Structure formats: structure tokens, C-alpha cells
Amino acid sequence: MKKILAIAGAIITLGSVVGLLFAFDARYAKTAYVAQVEYRLDQKIVQDRAAALQERLWRLEDRQGIEKAKMTDEYKRILFELNTIILKMKGK
């Protein structure tokens, strides 16, 4: 009888330790995973900003036209700045 109780106690103890280890592992995120998620989030933010700037550029082109001869100096400056920012964001 004592042998059965000792085996049952060992199984319960082992199960408790394994359960605690799994709970600890699930509770605290892995550093590499967090870094990967952070990198993906940063990339998504940059892509969203680039897309918003591209939309703004297209709206300006629709409103002002694409012909360089008819562009005002201010519009040319804005167009150049937007294109420069978009190229920097895309890494070119």
C-alpha cells in the first residue's frame, strides 16, 4: 500500500512540476518572438505611411495634372518631397 501511495505521490508531483513549467513557458513570451512581432509591426507602420503618402500624391496629381509645364513651383516642390519620402520609406 505504501508503495502505491509513493508512486501516486511521485506521479502527482511530476505532473505538477510539468504543469507549472508549461504555465511559466506560456505566461512569458519568448524574446525572439517579441522582436519578430515588433519588427513586423514597424514594417506595417512604414508600409501604411507610404501608402497614405502615395494616395496623397495621386490626389494631388488628379487635382493639378501631371504635365510639368502647367505645374506651379509649390506643387513641384510638394511633389518632389512626397516622392523623396516614399522612396526613402521603400528603401530605394
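Bear in mind the structure is a predicted one, so any value in this text is a computation, not a measurement. (Residues numbered from 1 in each chain as written. Predicted model: local features only at pLDDT ≥ 70, side-chain atom pairs only at ≥ 80, totals over all residues. Heavy atoms only, no water.)

## Remarks on the overall build of the chain
Counting its regular elements, the chain contains 3 helices and 0 strands. From first element to last, N terminus to C terminus, the chain shows the α and β order α-α-α. For a compact globule of 92 residues, the expected C-alpha radius of gyration is about 12 Å, and the chain comes in at 30 Å, more than 25% above that figure. Structurally, the chain occupies a C-alpha span of about 100 × 20 × 15 Å along its principal axes. A total of 92 residues make up the chain; the buried ones form 12% of that total. Within the chain, one finds 17 positive and 11 negative side-chain charges whose respective centroids are separated by 10 Å. (Helix = DSSP H or I, 4+ residues; strand = E, 2+ residues; numbered from the N terminus. Rg over C-alpha atoms; globule rule 2.2 N^0.38 Å. Buried < 20%, exposed > 50% of the residue type's maximum accessible area, 1.4 Å probe, protein only. Lys, Arg positive; Asp, Glu negative; His and termini not counted. Charge placed at Lys NZ, Arg CZ, Asp CG, Glu CD.)

## Points about helix α1 (residues 2-27)
With 26 residues, α1 should reach 38 Å at 1.5 Å per residue; the first-to-last C-alpha distance of 37 Å fits that figure. Within α1, only 0 of the 26 residues are buried, which leaves the element largely exposed. (Expected span 1.5 Å × (residues − 1).)

## Notes on the nonpolar core
In this structure, A50, L53, L57, L60, M71, Y75, L79, L82, I86 and M89 together form the largest nonpolar core, which totals 10 residues. Of all the secondary structure elements, the ones that give two or more residues to this core are α2 (31-64) and α3 (73-90). Residues within four places of Y75 in sequence aside, it is in contact with L60, E61, Q64 and G65. (Core = buried A, V, L, I, M, F, W, Y, C linked by side-chain atoms within 4.5 Å. Contact = heavy atoms within 4.5 Å.)

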